[in-house]
Amino acid sequence: MTTLLVKGGKVIGPAGAIDADVLVDGERIVALSLPGSITTADTIVDATGKYVIPGGVDAHTHMELPFGGTFASDTFETGTRAAAWGGTTTIVDFAVQRTGERVQDGLAAWHAKADGECHVDYAFHQILGGVDEDALKAMDQLVAEEGITSFKLFMAYPGVFYSDDGQILRAMQRARENGAMIMMHAENGPAIDVLVAQALARGETDPIHHGITRPAALEAEATSRAIYLAEVARDTPLYIVHLSASGALARVAEARDNGRNVFAETCPQYLYLTLEDQLGAPGFEGAKWVCSTPLRSKHESHGRDLWRGLRTNDLSVVSTDHCPFCFKDQKELGVGDFSKIPNGIGGVEHRVDLLYQGVVDGQLSLERWVETIATTPARMFGLYPRKGVIAPGSDADIVVYDPNGRTRISVETHHMNMDHSAFEGYEIAGKVETVISRGTVLLEDGVYRGRKGHGQYLRRGLSSYLV
Ligand SMILES: [Zn+2]
Ligand SMILES: [Zn+2]
């Protein structure tokens, strides 16, 4: 085996920051040692003055997702390469079962897209777009045999992915039996569809109406309903995806205060971007920021509350919901009708940096930064301690992060397959310097040395957070 030593850095984990050298043998971390106590290795990475953190775990991506009459523009190859550039060494993408399709066929299609293409390790959640007797049986099989232990349901998108409350309850009951986590897109889709039709009838066709017709109250209502349904299903573990609104956060916080198995993630776009400043950009420009749940109003307290939720652990995880569409030909499908704009923002490359900016801004501690971008998503989705921590026995997924570096986000320099950036011009006071995946250096000194096919499929266990 070849050895690699990351020396001189400050290792950050949920339990604190310690000065330690990290020894890697082959694909795994074998030791943390006193600085300077190990002097030889086949490869030495100098991390003096830098942070040494576990590789990022992005638990919510959609590579090549067919949606809105087109496909998300990153393939597994380009998307995982961009992830690696940004310090994310594991993604959990969503295999899709469409209505009328067998769950196993949907899963096989995702394996076919990803197999041999990925630059970093990957796992899957399973979207259930048609909950019926066969799909319920498939849940058991996926948990037992495929390493897929989380299932996403939609309270939105009637006619596409939507499950009614009866279907949701049945899937939750099944998850209670087999130990899986239910992930919920919590927006009241039928009510949203009424508001969309009314807006279009009034001639309100600009991108900002995408946000106005998906009000925060309908996210809070659906979040609350999902929490009650999970209670009826004997406290099935429930994970609210892409939480964007204060009201929804309040419902999650209340459930957690009552000891419930309720968790939630947010995404960088909800922490930094707003309905008025981005979605409301002049002309059709705002289409770049059409995503669901939508960006929220800066005149309300959402962004501030989400940062607080991250500090208090009412929000456990930051994912990207990476679902990029190019402006040209893709977002443009919705010129003259906001409801035809493909929903999604690309951000898989920037999550680690954007959350580090939260440390610089005094919103998060260093430890909490690492927890929300790596450790907790690994634990939440059954990848811990293989992923999400710098510890003996864990995979050698390591990022050397330079707190004195700078990152400027731009379409000119990013590696995602997108013709624009949702965070164009953002300056981050920090920089991903070196990225190591299972002992292989993917990025060093600004030179990318990764390759497709390095990334392996990860079979996941059950969530570490369940009681
Ligand atoms: Zn969703
Ligand atoms: Zn999503």
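Only a predicted model underlies this, so the values are computations on that prediction, with no experimental measurement involved.

Secondary structure assignment for the protein chain yields 13 helices and 23 strands. In terms of overall size, the protein chain behaves like a compact globule, its C-alpha atoms giving a radius of gyration of 21 Å where 467 residues would be expected to give roughly 23 Å. Expressed along its principal axes, the backbone C-alpha trace of the protein chain runs to roughly 70 × 50 × 40 Å. Burial analysis of the protein chain (467 residues in total) assigns 62% to the buried set. Sequence separation of at least 24 residues holds for 76% of the intrachain contacts in the protein chain that already meet a minimum separation of 6. Taken as a whole, the protein chain presents about 16400 Å² of accessible surface, with 50% of it coming from carbon and sulfur.

Another point: the pattern of salt bridges. The tally for this structure, following the rule as stated, stands at 32 salt bridges. Put simply, Lys-452 and Glu-117 hold a salt bridge, and the shortest N to O gap is 3.4 Å. Residue Lys-452 is located in the segment after β23 (447-448), and its partner Glu-117 is located in the loop between α2 (103-114) and β12 (121-128); the two are separated by 335 residues in the primary sequence. By relative accessible area, Lys-452 is classed as partly exposed at 40%.

Below, the discussion takes up the side chain of Thr-274. Summarising the element assignment, Thr-274 is placed in the loop between α9 (268-272) and α10 (275-279). Discounting residues that sit within four places of it in the chain, Thr-274 has contacts with Leu-279, Leu-295, Arg-296 and Lys-298.

Taken as a whole, this structure holds 21 aromatic pairs when the rule is applied. Pairing Tyr-272 with Trp-307 gives two aromatic rings, centres 5.7 Å apart and planes at 90°, and the pair type is edge-to-face. Of the two residues, Tyr-272 sits in helix α9 while Trp-307 sits in helix α11 (residues 302-312), which places them 35 residues apart along the sequence. For the pair shown, Tyr-272 and Trp-307 are each scored as buried. An aromatic cluster is defined as three or more aromatic residues linked by ring pairs; in this entry it consists of Tyr-51, Tyr-356, Trp-369 and Tyr-401. Lying across the ring of Tyr-465, Arg-379 places its NZ or CZ 4.8 Å from the centre.

With that out of the way, let us pick up the coordination of the zinc ion (ligand 2). Distances from the zinc ion (ligand 2) to its protein donors, namely His-60 (NE2), His-62 (NE2) and Asp-321 (OD), fall within the range 2.0 to 2.2 Å. Written as a sequence motif, the donor residues of the zinc ion (ligand 2) are H-x1-H-x258-D. In this structure, the zinc ion (ligand 2) lies 3.9 Å from the zinc ion (ligand 1).

Glancing now at the coordination of the zinc ion (ligand 1). Around the zinc ion (ligand 1), the donor atoms from the protein are Lys-152 (NZ), His-185 (ND1) and His-242 (NE2), and they sit 2.2 to 2.4 Å away. Read from N- to C-terminus, the donor residues coordinating the zinc ion (ligand 1) fall into the pattern K-x32-H-x56-H. Taking the relative accessible area as the measure of exposure, Lys-152 reaches 2% and is therefore buried. Of the residues examined, His-185 reaches a relative accessible area of 1% and is grouped as buried.

With that settled, the discussion passes to the UniProt feature "modified residue: N6-carboxylysine" (unreviewed entry) in the protein chain. In the numbering adopted here, UniProt assigns the feature "modified residue: N6-carboxylysine" (unreviewed entry) to Lys-152. As for its position among the elements, Lys-152 is in strand β13 (residues 150-154). Not counting chain neighbours up to four residues away, the residues in contact with Lys-152 comprise His-60, Phe-94, Gln-126, Ile-127, Leu-128, Met-183, His-185, Val-241 and His-242.

Looking now at the side chain of Asp-121. By secondary structure assignment, the location of Asp-121 is in strand β12. You can call Asp-121 buried: its relative accessible area is 0%. Within the structure, the side chain of Asp-121 is placed 2.7 Å from the side chain of Lys-387, a separation counted as a polar contact. In contact with Asp-121, other than residues within four places in its own chain, are Thr-89, Thr-90, Ile-91, Arg-386, Lys-387, Asp-395, Arg-438, His-454, Gly-455, Gln-456 and Leu-458.

The next thing to look at is unusual backbone geometry. With omega at 0°, the peptide bond leading from Ser-292 into Thr-293 counts as cis. Secondary-structure assignment places Thr-293 in the loop between α10 and α11. The peptide bond linking Tyr-384 to Pro-385 adopts the cis configuration, its omega dihedral lying at 5°. The backbone of Tyr-157 shows a phi angle near 60°, a positive value even though the residue is not glycine. Within the element layout of this structure, Tyr-157 appears in the loop between β13 and α4 (165-178). One non-glycine residue, Asp-321, lies in positive phi territory at about 55°. If you trace the backbone, Asp-321 turns up in the loop between β17 (317-318) and α12 (351-360). Judged by relative accessible area, which is 9%, Asp-321 ranks as buried.

Definitions and cut-offs
- Residues numbered from 1 in each chain as written.
- Chains lettered and ligands numbered in written order.
- Predicted model: local features only at pLDDT ≥ 70, side-chain atom pairs only at ≥ 80, totals over all residues.
- Heavy atoms only, no water.
- Helix = DSSP H or I, 4+ residues; strand = E, 2+ residues; numbered from the N terminus.
- Rg over C-alpha atoms; globule rule 2.2 N^0.38 Å.
- Buried < 20%, exposed > 50% of the residue type's maximum accessible area, 1.4 Å probe, protein only.
- Contact = heavy atoms within 4.5 Å.
- Areas by Shrake-Rupley, 256 points an atom, 1.4 Å probe, with all protein chains shown as cover.
- Salt bridge = Lys/Arg side-chain N within 4 Å of Asp/Glu carboxyl O.
- Phe/Tyr/Trp six-rings, centres within 6.5 Å; stacked < 30°, edge-to-face > 60°.
- Lys NZ or Arg CZ within 6 Å of the ring centre and 35° of its normal.
- Donors = N, O, S within 2.8 Å, 3.2 Å for Na, K, Ca; no water.
- UniProt positions renumbered as here; feature names shortened; annotations may be inferred.
- Polar contact = N/O pair within 3.5 Å; in protein donor to acceptor, adjacent residues only side chain to side chain.

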